[in-house]
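Structural overview
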Number of protein chains: 2
Amino acid sequence: MSGFAFDLTATDGAARTGIISTPRGQIRTPAFMPVGTAATVKAMLPGSVRETGADILLGNTYHLMLRPGAERIARLGGLHRFMNWDGPILTDSGGFQVMSLAGLRKLTEAGVTFASHIDGSRHLLSPETSMEIQRLLGSDIVMAFDECPALPATEDAVAASMRLSMRWAQRSRDAFGDRPGHALFGIMQGGVSPDLRAESAAALTAIGFDGYAIGGLAVGEGQEAMLGVLDYAPGLLPQDKPRYLMGVGKPDDIVGAVQRGVDMMDCVLPSRSGRTGQAWTRRGQVNLRNARHADDPRPLDKDCGCPACRGYSRAYLHHVVRAGEMIAGMLLTWHNLHYYQQLMAGLRAAIAAGRLGDFADDFHALRAEGDIAPI
Amino acid sequence: MSGFAFDLTATDGAARTGIISTPRGQIRTPAFMPVGTAATVKAMLPGSVRETGADILLGNTYHLMLRPGAERIARLGGLHRFMNWDGPILTDSGGFQVMSLAGLRKLTEAGVTFASHIDGSRHLLSPETSMEIQRLLGSDIVMAFDECPALPATEDAVAASMRLSMRWAQRSRDAFGDRPGHALFGIMQGGVSPDLRAESAAALTAIGFDGYAIGGLAVGEGQEAMLGVLDYAPGLLPQDKPRYLMGVGKPDDIVGAVQRGVDMMDCVLPSRSGRTGQAWTRRGQVNLRNARHADDPRPLDKDCGCPACRGYSRAYLHHVVRAGEMIAGMLLTWHNLHYYQQLMAGLRAAIAAGRLGDFADDFHALRAEGDIAPI
């Protein structure tokens, strides 16, 4: 028997909160998963990622298969031991990233052949090879191999792509087999078409997965279109399985997605922003590179408990950003991941208390005030 | 009354161990001071630097006066608060670094005028301005402003430079004044000439300082010439004051310097090496970029207690070095600083036990075995 127990403990409108129980620990939902692309959440030690409140990390099959290689990671005891993270890990299928290699890849019914961005070597990713690579990595939550069409695309192109992904979903399910203690998630496609989304959901549900991702969003369609799909797409999926919105997002995307019934999300944004001097706070985005911070003795957020806010002034953060010091990326990544996890904790508590609407109102009101708190 | 109590608790030959007591905490000697050039020990959080066992950091006047500026740091509460390090800080005078700006600076009896490497703005460093900048920074141990001649140099040039530095030492002493809770160290010059070193030591001692640095070494003269000077130079200085060897060095330089009576050292080597994939261990230097580590499941040093050695394989460190991930610099800097502080702790314990000769023999024997321990 594959899959994990998913206990929904409360709902508030379409929103849900609960716990996914895995052999490597519990995942509190709604959950935000920091991205550890190349076996590291950039600028963070794993213990620090855990301290921010993360229950689960995401790893990238595409990057890891090329460097250091899935067989090598397997020989070294698997991805958890390799990167020193003992909690659950979800790996993507490699499909999304390999599709982004425009001009360097060839798509057929069998899968995708592509050239490595590192050394030009040729590789095949298919439902079968993706399942094998994710098995070698030791992933706890394995993603089915799918295709995500580049936008803009005609509805015909989106439909053809979605149906290919559904055939690949069946092949992924077959190749995955029965792996106790591991879960396989299918990925819904269908762009912004309710009919195609419904067809995709029905196909996936007929195959049967341990969880269901909503794919093909956060690819440039804009927040309004994304939330438009989320108004109905989660409801097309089984109530008793986790729903994972891939690659999302900004804090307000996350609040909107949770309000619409999403249980899991991942995004590089908090870590990537942290390495470019950008901070996310309860009051919105703050660019620490801006000269207005140069003499500001106040912390980024006086009510934040992260090391950056407890130990340093905006003036210091500005200085180390300008000087290109590594500590800038370290502190701001920590802050951003801490803020994201605090946001998730707040969402979970609000759903449990039946107060998600008030929580969302407060969230938007504080951001509208601007990034500097009144003194 | 300026200066700190320096209690020598044991000697072994020329070597000494003791404690410098400052209002911000004790400095166990022999001490290694990590370098926090721009108000950060690169790739480390201050709490992690403390965990390695460091009692005191070094800050660079030249870098800090240009960015973010000494007046700004003073307005923000001083360097300690700014960089979130509550232990003692020693600042250099800026003299050494400004002298390195060949072609961009002009030396007169008054001081050195130079152009900022950041924005080209003109600045004057003199004994008086250096004392003022170090006061604004809030430095615990202030260094006199000196000149260090570029090598190779004639004995006449070294003599003239040393005598200028001695006149500047007097001006530094006068400008420093009486600052309870802060110490001023003079800097001996004189190159590799015993006569000039003796003249410099006599001049400094006549002025009277709270500690004495041995300058003008570790500037390309080679280890043999450096240790040759250290065979006699520490003995020219007062027995009851700390002796600080500036800019040293590799682990074997440190052992040799401590054997010859040096109490304090600083060097960018452990942190800089860590950012280029180089590790320092009890068995010598290890280049993690080397392909022979790609499949090695062993830690860098199985007996090391640092996070890099407790949590990761050589294969992982190799991977993140090759992938250019920040965690490579973070883990290897931590390891290197940890190793350096363990070396200092070992030296202190050996001196206290009267076993420094045995300690040095073991140190050299283990390095001779090579960087991989027998399995």
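Procedures and definitions
- Residues numbered from 1 in each chain as written.
- Chains lettered and ligands numbered in written order.
- Predicted model: local features only at pLDDT ≥ 70, side-chain atom pairs only at ≥ 80, totals over all residues.
- Heavy atoms only, no water.
- UniProt positions renumbered as here; feature names shortened; annotations may be inferred.
- Helix = DSSP H or I, 4+ residues; strand = E, 2+ residues; numbered from the N terminus.
- Axes fitted to C-alpha atoms, helices over the stretch in contact; angles between N-to-C directions.
- Parallel < 35°, antiparallel > 145°, perpendicular 65-115°, else oblique.
- Left-handed = near helix turned anticlockwise from the far one by under 90°.
- Contact = heavy atoms within 4.5 Å.
- Nonpolar A, V, L, I, M, F, W, Y, C, P; charged D, E, K, R; others polar.
- Pairing = 2+ DSSP bridges.
- Core = buried A, V, L, I, M, F, W, Y, C linked by side-chain atoms within 4.5 Å.
- Buried < 20%, exposed > 50% of the residue type's maximum accessible area, 1.4 Å probe, protein only.
- 1 Å grid on protein atoms, 1.4 Å probe; cavity = no way out; pocket = protein on both sides within 12 Å on 5 of 7 lines; lining within 4 Å.
- Buried area = accessible area lost by both parts, 1.4 Å probe.
- Salt bridge = Lys/Arg side-chain N within 4 Å of Asp/Glu carboxyl O.
- Least-squares fit on C-alpha atoms with pLDDT ≥ 70 in both.
- Points joined across faces, edges and corners; volume = space filled by probe spheres on them.
- Domains from an automatic or database assignment.
- Polar contact = N/O pair within 3.5 Å; in protein donor to acceptor, adjacent residues only side chain to side chain.

According to UniProt, the positions carrying the feature "domain: tRNA-guanine(15) transglycosylase-like" (unreviewed entry) are residues 14-366 of chain A. Helix makes up 42% of residues 14-366 of chain A and strand 17%. Its end C-alpha atoms lie 24 Å apart.

Residues and elements named next belong to chain A. Across the interface, helix α9 (residues 223-230) lies against helix α10 (residues 251-259) with an axial gap of 10 Å and an inter-helix angle of 20°. It follows from the interaxial angle that α9 and α10 lie roughly parallel. Both α9 and α10 take part in a crossing whose hand is right-handed. The segment α9 lies against α10, with Q223, M226, L227 and L230 engaging D252, D253, G256 and A257. Counted by class, the contact of α9 with α10 contains four nonpolar, two polar and two charged residues.

Further remarks concern the sheet that holds strand β8 (residues 112-115) of chain B. Residues and elements named next belong to chain B. A sheet is described by the order of its strands in space; here three strands give the open sequence β7-β8-β9, paired in antiparallel fashion. Either end of the sheet is taken by a strand with one partner, and the two such strands are β7 (105-107) and β9 (122-125). When the angles between neighbouring strand axes are averaged without regard to direction, this sheet yields 15°. As defined by bridge partners, β7 adjoins β8 across three bridges and the pair is classed as antiparallel. Note on β8: the bridge partner recorded for R105 is F114.

The next point concerns the nonpolar core. Membership of the largest hydrophobic core comes to 200 residues, with the highest contact counts inside it found for M265 of chain A together with M265 of chain B. Excluding residues that lie within four positions of it along the chain, M265 of chain B makes contacts with A31, F32, M33, Y244, L245, V248, I254, A257, V258 and M344 of chain B.

Bringing the UniProt feature "binding site: substrate" (unreviewed entry) in chain A into the picture now. Residues and elements named next belong to chain A. Mapped onto this numbering, the UniProt entry annotates "binding site: substrate" (unreviewed entry) at D92, S93, G94, G95, F96, D146, Q189 and G216. As for the second largest pocket, its lining draws on D92, S93, G94, G95, F96, D146, Q189 and G216 from among the annotated residues. Ignoring anything within four residues of it in the chain, the contact list for G95 reads F145 and D146. Classification of F96 as partly exposed rests on a relative accessible area of 45%.

Counting residues at the interface gives 38 residues for chain A, matched by 38 residues for chain B. For the pairing of chain A and chain B, the buried interface totals around 3,100 Å² over both sides, and the portion due to carbon and sulfur atoms is 62%. Looking at the side of chain A facing chain B, the largest losses of area belong to L45, H319 and M326 of chain A, adding up to 20% of the total buried there. In this assembly, chain A and chain B are joined by six salt bridges. Across the pair D295 of chain B and R72 of chain A runs a salt bridge, and its minimum N-O distance is 2.9 Å. Those elements giving two or more residues to the side of chain A that touches chain B turn out to be α3 (70-75), α4 (79-83), α13 (314-322) and α14 (326-352) of chain A. With six residues, the top contributor of residues to the side of chain A that touches chain B is α14 of chain A.

It is worth spelling out the relation of the copies chain A and chain B at this point. When chain A is brought onto chain B, the operation consists of a screw motion whose angular component is 180° and whose axial shift is 0.0 Å, with 0.0 Å RMSD remaining. The operation mapping one copy onto its partner corresponds to a two-fold rotation axis. When C-alpha positions in chain A are compared against the rotation axis, the closest is assigned to M326 of chain A, at 3.9 Å. Taken as a fraction of all interface residues of chain A, those also at the interface in chain B reach 100%, which identifies the copy contact as same-surface.

What follows deals with the layout of surface pockets. Residue and element names in this part refer to chain B. The space that makes up the largest pocket amounts to roughly 1,000 Å³. Forming the walls of the largest pocket are 50 residues, and the residues nearest its centre are F96, Q97, G247, D266 and V268. The element contributing the most residues to the lining of the largest pocket is helix α11 (residues 269-274), with four residues. In the lining of the largest pocket, the residues fall into 19 nonpolar, 19 polar and 12 charged.

Before going further, it helps to spend a moment on helix α6 (residues 127-137) of chain A. Within the span of α6 of chain A, buried status applies to P127, S130, M131, I133, Q134, L136 and L137 of chain A. Positive backbone phi, at 85°, marks G138 of chain A, one or two positions downstream of α6 of chain A.

Before going further, it helps to examine the domain arrangement of chain A. Residue and element names in this part refer to chain A. Its domain assignment divides chain A into domain 1 (5-267) and domain 2 (274-369). Relative placement of domain 1 and domain 2: their C-alpha centres are 27 Å apart. Facing the 30 residues of domain 1 at the interface are 26 residues of domain 2. The junction of domain 1 with domain 2 conceals about 2,400 Å² of combined surface from both sides, 73% of it contributed by carbon and sulfur atoms. Where domain 1 packs against domain 2, one counts one salt bridge. For the pair domain 1 and domain 2, the number of links is five residue pairs in polar contact (both at pLDDT 80 or more). For the side of domain 1 that touches domain 2, the secondary-structure elements that each account for two or more residues are β1 (5-12), β2 (15-22), β3 (25-29), β4 (31-33), α1 (46-51) and α10. No other element matches α10, which puts six residues into the side of domain 1 that touches domain 2. Residues of the side of domain 1 that touches domain 2, tallied by class, amount to 15 nonpolar, eight polar and seven charged.

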